Amino acid sequence: MRIGLYPGTFDPITLGHIDIIRRATRLVDKLVIGVAINRDKGPLFDLDERVEMIQDECAELGRQTGVEIAVHPFENLLINCARDVGAQIIIRGLRAVADFEYEYQMVGMNRQLDDSIETVFLMAEAQHQAIASKLVKEIARLDGDVSKFVTPSVNAKLLERFG
């Protein structure tokens, strides 16, 4: 069984994330979405809320694709999380060239830690390349319309939080 790990903070999950998840299901039999617990970032949504949003948004996709999609919170090194869930592949989404520089460094470090786990980059679809959770939160906080960037249920949660 080929297991992939797609890590991130998902604060909140966006249409860009969902696009990468959908495309990643073509590569693996099981996709684990690793929700990073990053206390330094001060997330808008707590861990339980982020996990619930991901589960809600991915349940139907899992049924449609036949790929098991699991959500796994983690607070350790990414490579250790990959080992913990039995992943052979780490999946990373790229939006722009700036993402690549950081990701390139991460791959190099992860390969030094465990060269048996491959990293696969998926480019975001053109309509999702500008979407970043940080920007979505900022737009929502300033009473802007983020409905083009998130699902209706995530949009409702943002409106609830900032309303």
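That block above? That's the structure.
All of these numbers come straight from a predicted model, not from anything done at the bench.

(A) A look at the overall build of the chain. Scanning the chain for helices and strands turns up six helices and five strands. Secondary structure elements in the chain, listed N-terminal to C-terminal, are β-α-β-α-β-α-β-α-β-α-α. Computed over its C-alpha atoms, the radius of gyration of the chain comes to 15 Å, within 12% of the 15 Å expected for a compact globule of 163 residues. The C-alpha extent of the chain, read off along each of the three principal axes, is 45 × 35 × 30 Å.

(B) Highlighting the pairing of strand 4 (residues 89-94). By the criterion of burial, strand 4 is predominantly enclosed, with five of the six residues buried. Of the pairings in the sheet, the one linking strand 1 (residues 3-8) to strand 4 comprises two bridges and is parallel in character. In the sheet register, Gly4 faces strand 4, and the bridge partner there is Ile89. Relative to strand 5 (residues 118-123), strand 4 is paired through six bridges, and the arrangement is parallel. Bridge pairing in strand 5 links Ile89 to Glu118. Read as a crossover between parallel neighbours, the route from strand 4 over helix 4 (residues 97-113) to strand 5 is right-handed.

(C) Quick look at the sheet that holds strand 3 (residues 68-74). Spatially, the five strands line up as an open sheet ordered 3-2-1-4-5, and their pairing is parallel. Two strands bound the open sheet, and with one partner strand each, they are strand 3 and strand 5. In this sheet, neighbouring strand axes are inclined to one another by 30 degrees on average, regardless of whether the strands run parallel or antiparallel. Sheet contacts for helix 1 (residues 15-24): strand 1, strand 2 (30-36), strand 3, strand 4 and strand 5; angle to strand 5, the most-contacted strand, approximately 125 degrees. Against the sheet, helix 3 (residues 78-85) engages strand 1, strand 2, strand 3 and strand 4, with an angle of about 145 degrees to strand 1.

(D) Just the side chain of Thr151, in detail. By the secondary structure assignment, Thr151 is in the loop between helix 5 (133-141) and helix 6 (152-162). The contact partners of Thr151, leaving out residues within four places of it in the chain, are Leu15, Ile18 and Glu57.

(E) Representation of the pairing of strand 1. Of all six residues making up strand 1, six are buried, and the element is well covered by its neighbours. Alternating positions in strand 1 separate into two faces, Ile3, Leu5 and Pro7 on one and Gly4, Tyr6 and Gly8 on the other, with burial throughout. Inspection of the sheet shows strand 1 paired to strand 2 by six bridges, in the parallel sense. Across the sheet, Gly8 pairs through a bridge with Val35, a residue of strand 2.

(F) Focus on the environment of Arg26. Relative to the helices and strands, Arg26 is located in the loop between helix 1 and strand 2. Its relative accessible area of 65% is what places Arg26 among the exposed residues. Residues Arg26 and Leu47, spaced 21 residues apart in sequence, show a C-alpha to C-alpha distance of 27 Å.

(G) Representation of the nonpolar core. Core analysis: the biggest nonpolar cluster contains 30 residues, and Ile13, Ile21, Leu31, Ile54, Ile91 and Leu158 have the highest contact counts within it. Counting residues per element, this core draws most heavily on helix 2 (residues 47-65), at five residues. With near-sequence residues (within four places) excluded, Ile91 lies in contact with Gly4, Leu5, Tyr6, Pro7, Ile20, Ala24, Val28, Leu31, Val120 and Leu122. Among the nonpolar cores identified, the runner-up in size contains 13 residues, and Ile3, Phe74, Ile79 and Cys81 belong to it.

What counts and what doesn't
Residues numbered from 1 in each chain as written. Predicted model: local features only at pLDDT ≥ 70, side-chain atom pairs only at ≥ 80, totals over all residues. Heavy atoms only, no water. Helix = DSSP H or I, 4+ residues; strand = E, 2+ residues; numbered from the N terminus. Rg over C-alpha atoms; globule rule 2.2 N^0.38 Å. Buried < 20%, exposed > 50% of the residue type's maximum accessible area, 1.4 Å probe, protein only. Pairing = 2+ DSSP bridges. Right-handed = clockwise from strand over helix to strand, strands pointing away. Axes fitted to C-alpha atoms, helices over the stretch in contact; angles between N-to-C directions. Contact = heavy atoms within 4.5 Å. Core = buried A, V, L, I, M, F, W, Y, C linked by side-chain atoms within 4.5 Å.

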